[in-house]
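Coordinate analysis (summary)
Residue strings, one per chain:
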Amino acid sequence: MGLDIEANKKLVEEVLEAYPKKAKKDREKHYQINTAEAQTCGTCALKSNIKSRPGVMTPRGCSYAGSKGVVWGPIKDMVHISHGPIGCGQYSWGTRRNYANGTLGIDNFTAMQITSDFQETDIVFGGDKKLEVIMREITEMFPLAKGISVQSECPVGLIGDDIEAVSKKMSKELEMPVVPVRCEGFRGVSQSLGHHIANDAIRDFVLGKADLAETGPYDVNIIGDYNIGGDAWASRILLEEMGLRVIAQWSGDGTLNELEIAHKAKLNLIHCHRSMNYMVEHMEKAYGIPWMEYNFFGPSKTYESLRAIAALFDETIQENCEKMIAKHKPVMDAIISKYKPRLENKKVLLMIGGLRSRHTIGAYEDLGMDIVASGYEFAHKDDYEKTFPMMKEGTIIMDDPTAYELEELAQKMNVDLVGSGVKEKYVYHKMGVPFRQMHSWDYSGPYHGFDGFKIFAKDMDMTVNSPVWSLMQKKTKAQKEEASI
């Protein structure tokens, strides 16, 4: 059963009415109500991947965040230098809970932050010499580091530091890969361009630089899984149980060598299409490696994806796939039976970075929950074209919504759960609206695969049905009444 199309059109108009005329006209282009016609993808008129309107509170990140925070940062045996002032380096401290095996500071550097800490003199005279010194210090402090990447911040691009020349020189001197990444935050309209730039750097400096001694017909790569809370591990378990061999994992718990040998795989399995589609498309053209997008959120989509993957291999893999599904299905059915009565018909509003606004739909629907509004921070048109058919008629679909818009929609639609990022989290806590941080799982996870769905279902139930929200709402109401006296 769909949602009320006309009522939701009117609701969006009411929310945008608060803007000045020009701003309202601009923001209207970023909303579309899902209809049967729109689900054919022929009428996806929603505007995306364009500059956020100045003056509004956008949830987006920058190009540096897309490169350092998403693509390069999780590569565990390389040291990633935040080249520029301390602010960006400090902001990215701690990563996005990209779990990785190894010993921190020895052969795993994911949770460490190395910055060139630009001062005024560096802005005036340049930071090239400082960069060389830092690289030498890195090899002395971390002798097991396999390589270095230079993640450039805004001032580096503005003053013209030649990080390419420095990287080339130091790569020869240190006898290791040193990769310059031109990901200054001002580039592009969001973190999406940072993903693209990072992919290009992998293509130009790393991919295909090593060989794999033994190859087989079942060799695959996991691409675009950042191992948030252990997601990639939960996914890898299923692929290996099915009989496939994962030779490279990008980039959560990934290594430099895995990037270098990935061209030897027989199939690329891409999870986050938005951040890594550039790479799998290049590998298909350059190495003839086919690729497919998969979705391991929730049992329904996991079954579907596993069967689609198995269909690309022989009968042995296909039989293994069916046996594995038969083994896990009773457990998944039990999880659904336990939590669905507590979550059925609960209304959910989603606004998540790249692809999760569509990938997580199946997991919520497995629990009987209804997505009433959904959107992305930095999606492109092809992301929305894939999203419309997945949503019910009448669903509000939005691009780069502002903080104000999200708050108004959540209140006017009386949603039972909001899933978004850490920037939005505490606003909804204060409003007394149940909230899950769906960028890095709110210190939980994994959410992928069969192991992940057990945690996902428990977390959604724990969030929606917690008594704390009603207490917050009473407190907020009392504060408003007190303020009006």
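Our structure's up above, just so we're on the same page.
Remember, predicted model here, so these are calculated numbers, not experimental data.

**Some points on the packing of helix α1 (residues 5-16) against helix α18 (residues 403-412)**
The geometry of α1 relative to α18 is characterised by a closest axis approach of 10 Å and an angle of 135 degrees between their N-to-C directions. In terms of orientation, α1 and α18 fall into the oblique class. Crossing geometry of α1 relative to α18 is assigned as right-handed. Taking contact as the criterion, the partners of L11, E14, V15 and L16 in α1 are, on α18, Y404, E405, E408, L409 and K412. Its residues assigned to classes, the contact of α1 with α18 shows 5 nonpolar, no polar and 4 charged.

**With respect to the nonpolar core**
Ranked by internal contacts, the top residues of the largest apolar core, which has 91 residues, are W72, M242, W250, I309 and Y364. It is helix α14 (residues 315-343) that provides the largest number of residues to this core, a total of 9 residues. Sequence-distant contacts of W72, that is, excluding residues within four places in its chain, are made with S67, M78, H80, S149, Q151, V179, V181, A198, A201, I202, V206 and L259. Counting residues in each nonpolar core, the second largest holds 24 residues, with V12, L409, A410 and F435 among its members.

**Remarks on the pairing of strand β11 (residues 370-376)**
For a regular strand, side-chain orientation follows a simple rule: the groups alternate between the two sheet faces. When you tally the buried positions in β11, you get 7 out of 7 residues, the bulk of the element. In the sheet, strand β10 (residues 347-352) pairs with β11 via 6 bridges, with the strands oriented parallel. Paired with V348 across the two strands is I371, which belongs to β11. Sheet topology note: the β11/strand β12 (residues 396-399) ladder contains 4 bridges and is parallel. Directly across from Y376, in β12, lies its bridge partner D399. For the crossover from β11 across helix α17 (residues 381-387) to β12, the handedness is right-handed.

**Some details on the environment of N268**
By secondary structure assignment, the location of N268 is in strand β8 (residues 267-270). Taking relative accessible area as the criterion, N268 reaches 0% and is therefore assigned buried. For N268, the residues in contact, after removing those within four places along its chain, are N221, I223, V280, M283, I289, P290, W291 and M292. Among the polar contacts listed, one links the side chain of N268 to the side chain of N221, at a separation of 2.7 Å.

**Describing the environment of T255**
Inspection of the secondary structure assignment puts T255 in the loop between β7 (245-251) and α11 (256-261). Taking the relative accessible area as the measure of exposure, T255 reaches 16% and is therefore buried. Contacts of T255, omitting those with residues within four sequence positions, involve I75, K76 and D77. One polar contact links T255 to E258, side chain to side chain, over a distance of 3.1 Å.

**Some details on helix α2 (residues 21-28)**
Listing the buried residues of α2 in full gives A23, K24, D26 and R27. Along the axis of α2, the buried residues cluster in a sector spanning 165 degrees; they form a single face. Along α2, exposed side chains directed more than 90 degrees from the buried face belong to K21, K22 and K25. Where α2 is buried, its residues contact α1, β1 (31-33), β12 and α18.

The rules behind the values
Residue indices begin from 1 for each chain and proceed along its sequence in written order. The predicted origin of the model limits local features to residues at a pLDDT of at least 70 and limits the giving and counting of side-chain atom pairs to 80 or more, whereas totals for whole chains, interfaces and linings rest on all residues. Note: side-chain values were computed over all heavy atoms of the structure, leaving out hydrogens and water. For helices, the fitted axis covers only the stretch in contact; all axes are lines through C-alpha atoms, and the angles between them, taken along N-to-C directions, range from 0 to 180 degrees. Secondary structure elements follow DSSP: runs of H or I no shorter than four residues count as helices, runs of E no shorter than two count as strands, and numbering proceeds from the N terminus. What sets the label is the angle itself: under 35 degrees gives roughly parallel, over 145 gives roughly antiparallel, 65 to 115 gives roughly perpendicular, and the rest give oblique. Left-handed describes a crossing whose near helix is turned anticlockwise from the far helix through less than a right angle; right-handed describes the clockwise counterpart. Here, two residues are considered to be in contact whenever any of their heavy atoms come within 4.5 Å of each other. Gly counts as polar in this scheme, as do all residues outside two lists: the nonpolar Ala, Val, Leu, Ile, Met, Phe, Trp, Tyr, Cys and Pro, and the charged Asp, Glu, Lys and Arg. Only buried residues count toward a nonpolar core. Its members are Ala, Val, Leu, Ile, Met, Phe, Trp, Tyr and Cys residues joined through side-chain atoms within 4.5 Å. The classification of residues rests on relative accessible area computed with a 1.4 Å probe and restricted to protein chains. Under 20% of the type maximum is buried, over 50% is exposed, and intermediate values are partly exposed. By this definition, two strands are paired if DSSP reports at least two bridges between them. When the strands point away from the viewer, a crossover counts as right-handed if the route from the first strand across the helix to the second turns clockwise. Polar contacts, as counted here, are pairs of nitrogen or oxygen atoms within 3.5 Å of one another; within protein the pair requires one atom able to donate a hydrogen and one able to accept it, and residues that are adjacent in sequence qualify only if both atoms are side-chain atoms. What the arc covers is the set of directions going from the helix axis to the C-beta atoms.

That is the geometry; function is a separate question.
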